[in-house]
Amino acid sequence: MKIKKAVIPAAGFGTRLLPATKSIPKEMVPIVDRPAIQYVIEEAVDAGIEDILIITSGYKKAIEDHFDNFPELENLLEKNNKIEDLQELRNITNLANIHYIRQKETKGLGHAVGCAKTFVGNEPFAVILPDDIIYSPVSCLKQMTDMFDKYQSSIIGVQTVNENEVNKYGIVSGTKIDEKLYKVDGLIEKPPVGKAPSNIAIVGRYIIMPEIFDILENVKPGALGEIQLTDGLLELIKNQEMYAYIFDGKRYDTGNKLGYLEAIVDFAIRREDLGYKFRDYLKTIID
Ligand code: G1P
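Remember, it's a predicted structure, so these values are computed and weren't measured experimentally.

Regarding helix α4 (residues 83–93)
Three or more residues of α4 are buried, namely L86, I92 and T93. End-on, the buried residues of α4 take up no more than an arc of 125°, which puts them together on one face. For α4, the secondary structure elements touched by its buried residues are α1 (36–46), α2 (61–66) and α3 (71–79).

Written as structure tokens, this is what we have:
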């Protein structure tokens, strides 16, 4: 089976980027000149995803506007012969079929993913956490869908983290079966430092079998008092195989201020139209 659907939970408040996120959804905060969520949607499309469900909440209308047509602006750009800008706007609108649903209560990531049950139906699907922007020549989700093609089981994107940071992540344990692949035998959400079974951390990319939905309906609040996706996945491995894949790529946690700044600088430097000048500028201010 191929992965054709992705779910992007985007209902959170983004408190780590306040005050900007008081009125701007954190997913819409720009990295250079495009909102963070556009990077992950492009990643999904690159992996062959055709339908994307964004789980939103009350004040996230700007996300829907960004992926919608804007006839007045398009007409103006056309009139002023700004053809490149016009094309770019149209490309955004045509990226994928984007669907929206509101998470009516913020009860945690597991609850948010559970809201996608009807959209997903009975097929394996991807979950992308939009705070985690991953730069890689072959996109992270493409690497993972390639793994899925081989194993036809749930695949979790992971990277190793410092031992003193395990309490920020879902942590997996398992048996190494290849240089970059583990067969998962345990998962724990945000274990205390010193109590984690490994330093292999979940990094915002999942391919999950649809049996997760029935499980999520019964998951009790766990870490932080929230319904955790990690707890649902732990239940899923009782009946199915699951793999953790150490993907290639640089990950930016754009949900916090330092990670956000790192992303802007790196993405700007990589840009053909800005990179040289920006690099020269940085040299003048760094001793
Ligand atoms: C979520 C997941 C966690 C994962 C992390 C990656 O946590 O619950 O398992 O490691 O994303 O970014 P959050 O960062 O939303 O607290």
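This is not the end of the story, as more comes after the structure.
A closer look at the packing of aromatic side chains
Within this structure, the stated rule accounts for six aromatic pairs. With a centroid separation of 6.2 Å and an interplanar angle of 25°, the aromatic rings of F13 and Y59 are classed as stacked. Here the residue F13 occupies a position in the loop between β1 (5–9) and β2 (30–31), and Y59 occupies one in the loop between β4 (51–56) and α2, the gap between them amounting to 46 residues. Relative to Y243, the ring of Y151 has its centre 4.6 Å away and its plane inclined at 40°; by these criteria the two rings are tilted. Of this pair, Y151 sits in helix α7 (residues 140–151) while Y243 is found in strand β12 (residues 242–246), placing the two residues 92 residues apart along the sequence. Y151 sits in the partly exposed class, given a relative accessible area of 23%. Looking at Y243, the relative accessible area reads 6%, which means it is buried. Here the guanidinium or amino end of K5 rests over the ring plane of F119, the centre of that ring lying 5.4 Å away. It is R270 that lies over the ring of F267; its NZ or CZ is 4.9 Å from the centre.

Examining the side chain of S139
With respect to the secondary-structure elements, S139 resides in the loop between β7 (132–135) and α7. Discounting chain neighbours no more than four positions away, the residues touching S139 are E43 and D46.

Section: the environment of A223
Secondary-structure assignment places A223 in the loop between α8 (212–216) and α9 (229–236). Distance from A223 to N167, taken between C-alpha atoms, is 10 Å for residues 56 residues apart in sequence. When neighbours within four sequence positions are excluded, A223 is seen to be in contact with E189, K190 and Q228.

Things to note about the site of the ligand
Of all residues adjacent to the ligand, which total 13 residues, the nearest are D132, G170, E189, K190 and I202. Contact between the ligand and D132: an oxygen atom at 2.8 Å from a side-chain N or O atom of the residue. Between the ligand and I202 there is a distance of 2.6 Å, counted from an oxygen atom to a backbone nitrogen or oxygen. With the chains in place, 77% of the 380 Å² that the ligand exposes on its own is no longer accessible. Looking at the shell around the ligand element by element, the count peaks at three residues for strand β11 (residues 200–208). When grouped by side-chain class, the residues that make up the shell around the ligand number five nonpolar, four polar and four charged.

Side note on unusual backbone geometry
Each neighbour pair has its own omega, and for L18 with P19 the value is 10°, a cis peptide bond. Within the secondary structure, P19 is located in the loop between β1 and β2. With a phi angle near 50°, Q152 is a residue other than glycine that sits in the positive phi range. Checked against the element boundaries, Q152 lands in the loop between α7 and β8 (154–160).

Section: the side chain of Q228
Within the secondary structure, Q228 sits in the loop between α8 and α9. On the accessibility criterion, Q228 (3% relative accessible area) is buried. Setting aside chain neighbours within four positions, we find Q228 in contact with G110, E189, V219 and A223.

Conventions adopted
Residues numbered from 1 in each chain as written. Predicted model: local features only at pLDDT ≥ 70, side-chain atom pairs only at ≥ 80, totals over all residues. Heavy atoms only, no water. Buried < 20%, exposed > 50% of the residue type's maximum accessible area, 1.4 Å probe, protein only. Helix = DSSP H or I, 4+ residues; strand = E, 2+ residues; numbered from the N terminus. Arc of directions from axis to C-beta. Contact = heavy atoms within 4.5 Å. Phe/Tyr/Trp six-rings, centres within 6.5 Å; stacked < 30°, edge-to-face > 60°. Lys NZ or Arg CZ within 6 Å of the ring centre and 35° of its normal. Near = heavy atom within 4 Å. Polar contact = N/O pair within 3.5 Å; in protein donor to acceptor, adjacent residues only side chain to side chain. Areas by Shrake-Rupley, 256 points an atom, 1.4 Å probe, with all protein chains shown as cover. Nonpolar A, V, L, I, M, F, W, Y, C, P; charged D, E, K, R; others polar.

It is worth stressing that arrangement in space is one thing and function is another; only the former is reported here.
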